[in-house]
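Residue-level structural notes
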Amino acid sequence: MDEEIENRLKSFSIKPTAMRLLVAKEILKSKNAINFYELEQKFDQVERSTLYRTLKIFEDQHLIHPISDGTGSVKYGICKDNCSCKPEELHVHFFCTKCENTYCLNEIPIPEVSLTNNYKIETATYLLKGTCPSCG
């Protein structure tokens, strides 16, 4: 799996350092979006600044995307291949009000919106809240 992760980082033009490989591995194996604190807890000793920089690089290269789900903590989900996070490429997210997990619903695109008065959409967020299948 490590070689697969290394190749994935390279495909996003990310140099596969030891820390980046560890962080990518944790994000990729998570079934739901993960926040900074959850990632920090996965490692015995990690400098917060290193973890922040790693996440910023991943976000800038479109390996991950930030998700604001109303909890006050940004969570991160995996971008689809060849994603540039343009509004037309984005998908719906689901926040479970019981377990508080946030899920990417990659198969459901954000509905297209027509704006008047020369508004230009740069990014979009579409969040649904309810209970996930595990919480019923």
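Computed from a predicted structure; not experimentally measured.

Basis of the calculations
Residues numbered from 1 in each chain as written. Predicted model: local features only at pLDDT ≥ 70, side-chain atom pairs only at ≥ 80, totals over all residues. Heavy atoms only, no water. Helix = DSSP H or I, 4+ residues; strand = E, 2+ residues; numbered from the N terminus. Rg over C-alpha atoms; globule rule 2.2 N^0.38 Å. Buried < 20%, exposed > 50% of the residue type's maximum accessible area, 1.4 Å probe, protein only. Contact = heavy atoms within 4.5 Å. Areas by Shrake-Rupley, 256 points an atom, 1.4 Å probe, with all protein chains shown as cover. Pairing = 2+ DSSP bridges. Axes fitted to C-alpha atoms, helices over the stretch in contact; angles between N-to-C directions.

1. Looking at the overall build of the protein chain
When its secondary structure is counted, the protein chain shows 4 helices and 6 strands. Starting at the N terminus, the α and β elements of the protein chain follow one another as α-α-β-α-α-β-β-β-β-β. Relative to its length of 136 residues, the protein chain is compact, with a C-alpha radius of gyration of 16 Å against a globular reference of 14 Å. Taking the principal axes of the C-alpha coordinates as reference, the protein chain spans close to 45 × 35 × 25 Å. Taking all 136 residues of the protein chain together, 35% fall into the buried category. Relative to all contacts within the protein chain whose residues are 6 or more apart in sequence, the contacts with residues 24 or more apart total 51%. Accessible surface, the protein chain as shown: approximately 8,900 Å² in total, 47% of it carbon and sulfur.

2. Things to note about the pairing of strand 3 (residues 75-78)
As paired strands, strand 1 (residues 34-35) and strand 3 are joined by 2 bridges and run antiparallel to one another. Across the sheet, residue I34 finds its bridge partner in strand 3, namely Y76. Of the strand pairs in this sheet, strand 2 (residues 64-67) and strand 3 are connected by 4 bridges, and their pairing is antiparallel. Pairing of I64 across the sheet is with I78, part of strand 3.

3. Details of unusual backbone geometry
With a phi close to 60°, S13 is a non-glycine residue in the positive phi region. Turning to its location among the elements, S13 is positioned in the loop between helix 1 (2-11) and helix 2 (18-29). Within the chain, H62 stands out as a residue other than glycine whose phi angle is a positive 65°. Tracing the chain through its elements places H62 in the loop between helix 4 (48-60) and strand 2.

4. Points about the sheet that holds strand 5 (residues 102-109)
Ordered by their spatial adjacency, 3 strands build an open sheet running 5-4-6, and the pairing between neighbours is mixed. The outermost strands of the open sheet, each flanked by one partner alone, are strand 5 and strand 6 (127-130). Sheet twist, expressed as the average angle between the axes of neighbouring strands with direction ignored, equals 30°. Across 5 bridges, the pairing between strand 4 (residues 91-96) and strand 5 is antiparallel.

Don't take any of this as a statement about function, it's just geometry.
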